[in-house]
Amino acid sequence: MLLIGVNRSPYTRRVAITLKAYGLPFEQRDLSGFGNRADVRAANPLGRIPALVLDNGETLIDSAAIIDHLDELVGRERALTPPDGADRRAVLRLAALMIGACDKGLHAAYERNHHPPEKVHQPWIDDCMAQMKHALAAMEELTRPGQDYLLLGRLTQADVTAFIAERLARGLKVDTASEMPRLHAHCRRLLEQDAFRSTEP
């Protein structure tokens, strides 16, 4: 399999971490949706990362769709999202919260970095960042000291998405160490695992 995208993207890194956690062999082509637009569009007409080219040549787009396929490959019982019931809903809820936090953080970054200065709308940036911080604060409340994982006593997509959201927040100058200390510490512990450490951008 070929993963297209840079791990600076939280969505690409989410897929890379999942591939590593599952022990699935893959190569990665470090292409940016901004710096390598034409090459990315060749794999994904939207020009967005990540994309995953399967061994049969089929290309999957969107991190959620890609991870759904990877879950099928490894089997639903081993997947980082449980197959059904309350456990599945709990993991999906936290993953959605953290992906939403990433979305809001990136909206703020795009507004700041890709608009002419005279067209930057600071209230929009402030609102997006407030939404991101509220989501992270909610995850902070759910993070229990001394527990290795957020849910079910094992690694799930709740942990993976919390990790990528916290990392993005720090990149956007959110002081998670002081504002969300339990979440920050949890993510530092996850970084000790190869799937997280080896995907550092």
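Residues numbered from 1 in each chain as written. Predicted model: local features only at pLDDT ≥ 70, side-chain atom pairs only at ≥ 80, totals over all residues. Heavy atoms only, no water.

An unreviewed UniProt entry lists the protein chain under the name Glutathione S-transferase, with Reyranella soli given as the organism.

An account of the nonpolar core is needed here, citing residue identities and associated values.
By size, the foremost hydrophobic cluster in this structure holds 51 residues, and its most contacted members are Leu19, Leu52, Leu70, Met98, Met132, Leu136 and Phe196. Counting the residues that make up this core, at least three belong to each of domain 1 (2–74) and domain 2 (85–198). Those residues in contact with phenylalanine 196, other than ones at most four positions away along the chain, are Arg13, Ile17, Leu155, Val160, Phe163, Leu190 and Leu191. Formed by nine residues, the second largest nonpolar core is a distinct cluster that contains Ile4, Leu31, Ala51 and Val53. (Core = buried A, V, L, I, M, F, W, Y, C linked by side-chain atoms within 4.5 Å. Buried < 20%, exposed > 50% of the residue type's maximum accessible area, 1.4 Å probe, protein only. Domains from an automatic or database assignment. Contact = heavy atoms within 4.5 Å.)

Please give an account of the pattern of salt bridges that cites residues and values.
When the charged atoms of two side chains lie near each other, side chains of opposite charge can form a pair. A full pass over the atoms with the stated rule returns 10 salt bridges. One salt bridge in this structure joins arginine 76 and glutamate 72, with 3.6 Å as the shortest N-O distance. A salt bridge links glutamate 166 to arginine 170; the shortest N-O distance between them is 3.0 Å. In this pair, glutamate 166 and arginine 170 are both assigned in helix 6 (residues 157–171), four residues apart and thus about one turn of the helix distant. Since its relative accessible area comes to 0%, glutamate 166 is described here as buried. Where salt bridges share partners, they join Asp68, Asp71, Glu72 and Arg76 into one cluster. (Salt bridge = Lys/Arg side-chain N within 4 Å of Asp/Glu carboxyl O. Helix = DSSP H or I, 4+ residues; strand = E, 2+ residues; numbered from the N terminus.)

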